[in-house]
Amino acid sequence: MPVLVVMIIISLAFYVYYKVKAYRSQKPIEKQWISAKSSIALGIFVASFGLNQLFLYRSSISLIVGIIFLLIGLGSSWAGFRAYKHYLPQVINESGTQK
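What counts, and at which threshold
- Residues numbered from 1 in each chain as written.
- Predicted model: local features only at pLDDT ≥ 70, side-chain atom pairs only at ≥ 80, totals over all residues.
- Heavy atoms only, no water.
- Helix = DSSP H or I, 4+ residues; strand = E, 2+ residues; numbered from the N terminus.
- Buried < 20%, exposed > 50% of the residue type's maximum accessible area, 1.4 Å probe, protein only.
- Polar contact = N/O pair within 3.5 Å; in protein donor to acceptor, adjacent residues only side chain to side chain.
- Contact = heavy atoms within 4.5 Å.
- Expected span 1.5 Å × (residues − 1).
- Bend = angle between axes of the 7 residues up to and from the residue.
- Axes fitted to C-alpha atoms, helices over the stretch in contact; angles between N-to-C directions.
- Parallel < 35°, antiparallel > 145°, perpendicular 65-115°, else oblique.
- Left-handed = near helix turned anticlockwise from the far one by under 90°.
- Nonpolar A, V, L, I, M, F, W, Y, C, P; charged D, E, K, R; others polar.
- Core = buried A, V, L, I, M, F, W, Y, C linked by side-chain atoms within 4.5 Å.
- Patch = residues over 30% accessible without salt bridge, like charges linked within 9 Å, V, L, I, M, F, W, Y side chains within 5 Å.
- Areas by Shrake-Rupley, 256 points an atom, 1.4 Å probe, with all protein chains shown as cover.
- Salt bridge = Lys/Arg side-chain N within 4 Å of Asp/Glu carboxyl O.

Caption draft 1: Quick peek at the side chain of Ser77. Relative to the elements of secondary structure, Ser77 occurs in helix α3 (residues 60–95). Judged by relative accessible area, Ser77 falls into the buried class, the value being 14%. A distance of 3.2 Å separates a polar side-chain atom of Ser77 from the backbone nitrogen of Ile44. In this view, Ser77 contacts Ser39, Ile40, Gly43 and Ile44; residues no more than four positions away in its chain are not counted.

Caption draft 2: The arrangement of α3 in detail. With 36 residues, α3 ought to run about 52 Å at 1.5 Å a step, and its terminal C-alpha atoms sit 51 Å apart, in line with that. The sharpest bend along α3 measures roughly 35° and falls at Tyr87, with the proline Pro89 sitting one to four residues further on. When we look at burial in α3, the residues that qualify are Ser62, Gly66, Gly73, Ser77, Gly80, Tyr87, Val91 and Ile92. Of the surrounding secondary structure, the elements contacted by the buried residues of α3 are α2 (28–56).

Caption draft 3: Quick look at the packing of helix α1 (residues 2–24) against α2. Packing of α1 against α2 brings their axes to within 8 Å, and their N-to-C directions diverge by 160°. In terms of orientation, α1 and α2 fall into the roughly antiparallel class. For the crossing formed where α1 meets α2, the hand is left-handed. By residue class, the composition of the contact of α1 with α2 is 18 nonpolar, five polar and four charged.

Caption draft 4: Molecular detail of the nonpolar core. Core analysis: the biggest nonpolar cluster contains six residues, these being Tyr18, Ala22, Trp33, Ile34, Tyr87 and Val91. If you list the elements that add at least two residues to this core, you get α1, α2 and α3. When residues no more than four places from it in sequence are discounted, the contact partners of Ala22 are Lys31, Ile34 and Ser35.

Caption draft 5: The arrangement of a nonpolar patch on the surface in detail. Taken together, Phe49, Ile61, Ile64, Val65, Ile68, Phe69 and Ile72 make up a surface patch of nonpolar side chains, about 620 Å² in accessible area. A per-element tally of the nonpolar patch places α3 first, with six residues. By secondary structure assignment, the location of Val65 is in helix α3.

Written as structure tokens, this is what we have:
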């Protein structure tokens, strides 16, 4: 499906962008916060890849691999979102600005 291919490419681009941004960050909490965003992007990438695998091929091995990728991707996105919510107030305090 072309929609899933576009999602795969965009989420991979966001993952690379956030990893480079986290590597270049000087503040430790901000680095963890940006790394959480990259974890969300990587989870979406893996889940989209697994979902694409489910639609692309119709074999039992493809079904198993697709389900495993989908579960791992959703778990990674969920963990990244929880880390993002955890670090957000600390990043605001670290930067010295209130939103």
